[in-house]
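Here's the letter readout for the chains.
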Amino acid sequence: MESPRIVATAARIVRDLGIAEEIAQDALVAALEEWPRTGVPERPGAWLTATAKHRAVDLVRRRETYARKLAEVGRALTEESYDPEPSGPGDIDDDVLRLIFTACHPVLSAGARVALTLRLVGGLRTDEVARALLVPEATVAARITRAKRTLAKAGVEFEVPYGEERAARLGSVLEVVYLIFNEGYAATSGDDLLRPGLCEDGLRLARVLAALAPGEGEAQGLVALLELQASRTAARTGPGGRPVLLADQDRRRWDRLLVRRGFAALERAGDPRGYGPYALQAAIAACHARAASYEETDWSLIAALYGRLGAVAPSPVVELNRAVAVSRAEGPAAALPLVDALAADPSLARYHLLPSVRGDLLARLGRPAEARAEFVRAADLTRNASERALLLGRADAAEPGGRGLPGGS
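Not measured: the values here are computed from a predicted model.

Some details on the overall build of the protein
Here is step 1: When helices and strands are counted, the protein shows 19 helices and 2 strands.
Here is step 2: Here the protein holds 409 residues, and the buried ones make up 53% of them.
Here is step 3: Sequence separation of 24 or more characterises 64% of the internal contacts of the protein that already satisfy a separation of 6 or more.
Here is step 4: Accessible area for the protein stands at about 18,200 Å²; split by element, carbon and sulfur atoms hold 53% of it.

Here's the deal with the packing of aromatic side chains
Here is step 1: Under the criterion given, the structure shown has 3 aromatic pairs.
Here is step 2: Centre to centre, the rings of tyrosine 178 and tyrosine 278 are 5.6 Å apart; their planes meet at 55°, and the pair counts as tilted. Taken together, the positions of tyrosine 178 in helix α9 (residues 163–185) and tyrosine 278 in helix α13 (residues 277–290) put the pair 100 residues apart, joining distant regions of the chain. With respect to class, tyrosine 178 is no different from tyrosine 278; both count as buried.
Here is step 3: A cation sits over an aromatic face here: arginine 290 above phenylalanine 263, 5.0 Å from the ring centre.

A word on α9
Here is step 1: Over its 23 residues, α9 runs 32 Å from end to end, which matches the ideal 33 Å to within 8%, given 1.5 Å per residue.
Here is step 2: Along α9, the sharpest change in direction is near 40° and occurs at leucine 170.

Let's talk about the environment of valine 326
Here is step 1: Considering the arrangement of structural elements, one finds valine 326 in helix α15 (residues 316–330).
Here is step 2: Given a relative accessible area of 7%, valine 326 falls into the buried group.
Here is step 3: Sequence spacing of valine 326 and alanine 304 is 22 residues, and the spatial spacing of their C-alpha atoms is 9.0 Å.
Here is step 4: Setting aside its immediate chain neighbours within four residues, valine 326 contacts Ala303, Gly331, Ala334, Ala335 and Leu338.

Some details on the pattern of salt bridges
Here is step 1: Enumeration over the complete set of coordinates arrives at 17 salt bridges.
Here is step 2: Arginine 261 serves as the salt-bridge partner of glutamate 227, at 3.1 Å between the closest nitrogen and oxygen. Within this pair, whereas glutamate 227 is found in helix α11 (residues 217–230), its partner arginine 261 is found in helix α12 (residues 256–268), the two being separated by 34 residues in sequence.
Here is step 3: Here aspartate 250 makes a salt bridge to arginine 252, at a shortest N to O gap of 3.0 Å.
Here is step 4: Classification of aspartate 250 as partly exposed rests on a relative accessible area of 29%.
Here is step 5: Salt bridges sharing partners connect three or more residues here, namely Arg328, Asp360, Arg364 and Arg394.

Some thoughts on the environment of alanine 147
Here is step 1: Structurally, alanine 147 is set in helix α8 (residues 137–154).
Here is step 2: Alanine 147 sits in the buried class, given a relative accessible area of 1%.
Here is step 3: In this structure the C-alpha to C-alpha distance between alanine 147 and leucine 116, which are 31 residues apart in sequence, comes to 6.9 Å.
Here is step 4: With sequence-adjacent residues up to four places away left out, alanine 147 is seen in contact with Leu108, Ala112 and Leu116.

Cut-offs used in this document
Residues numbered from 1 in each chain as written. Predicted model: local features only at pLDDT ≥ 70, side-chain atom pairs only at ≥ 80, totals over all residues. Heavy atoms only, no water. Helix = DSSP H or I, 4+ residues; strand = E, 2+ residues; numbered from the N terminus. Buried < 20%, exposed > 50% of the residue type's maximum accessible area, 1.4 Å probe, protein only. Contact = heavy atoms within 4.5 Å. Areas by Shrake-Rupley, 256 points an atom, 1.4 Å probe, with all protein chains shown as cover. Phe/Tyr/Trp six-rings, centres within 6.5 Å; stacked < 30°, edge-to-face > 60°. Lys NZ or Arg CZ within 6 Å of the ring centre and 35° of its normal. Expected span 1.5 Å × (residues − 1). Bend = angle between axes of the 7 residues up to and from the residue. Salt bridge = Lys/Arg side-chain N within 4 Å of Asp/Glu carboxyl O.

Following this line, the structure appears as structure tokens:
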């Protein structure tokens, strides 16, 4: 949980992401060695950050270029606070945001930017990053290694860019913040459906970015999307952390303050005819938030919005979600061919929501044996224990009328 802040603090001092990650690991090892003897400190995160900072300072002092680095680092060598940027309305006093903008430097490929930032800022393991990006784990590992080397070789500064350079990197930063939140909203692996810390970090960063770029429609669209998604958090799990499908959620437990914030941000996103991918997804989430019940949801509008989303940001996952909306608007028979057409897409070969959706459609079409097989297959593919239990439960009770949705909580 503390890793991103520790890495960011160390990177601010040593100006090298690879070395900063090693220093963060050293701080965690130090805690494992010392805390069993002295007890866990009252503020463990601050202890870890201070330890990493001291080690980073020691490393700088040992370098031959110590005098130059000392001038760059300034007060960070002796004081707990550090603000290397000039104060101003466009400034970001946040080490984690600096880390994101550095990892999203244009010297890296788009895929490398996302993979590196999810690893360093999101705290995701390599296999979780691969799952989030729908690419092989070996590919992600290679991207991360090359990205660190490239940044070090290019001498990229640990800073927030300004003007045109900031605008050029904003798209990558928005994508990373979205993926961080999404991993917290529906955890790739582990026992729990949610990773609240990642959701909170993602939402906080989105709010900062929206304030930083008030005229950027996609920044406003992203914060609208995350506010609306976060509003459902309390209703998404039941006793024991068991997932609750969207159709079965008690909408009285949705956070109306977050819903209002989401609506307001969507208004700031500009003309709906010019919505980008995040604003379109926020518009879809707004359809759910406006509906008094699952049955009253405007599925025809949602299907149309997914159609627009697929035109501006083509993705097999978007098409899968559009098929779900079509199934609600026009019936499962209309959606099954759309889902079957996605089966040949290699990026969905191990995507558990594809057989989950297919199982739902087959159950509603009165084909319970086939539905059960699809739910079992989906359970075998997921690495999240809560989702696996839900899918196996649906397999055991497969029957017409099932209501599973991709991301349907």
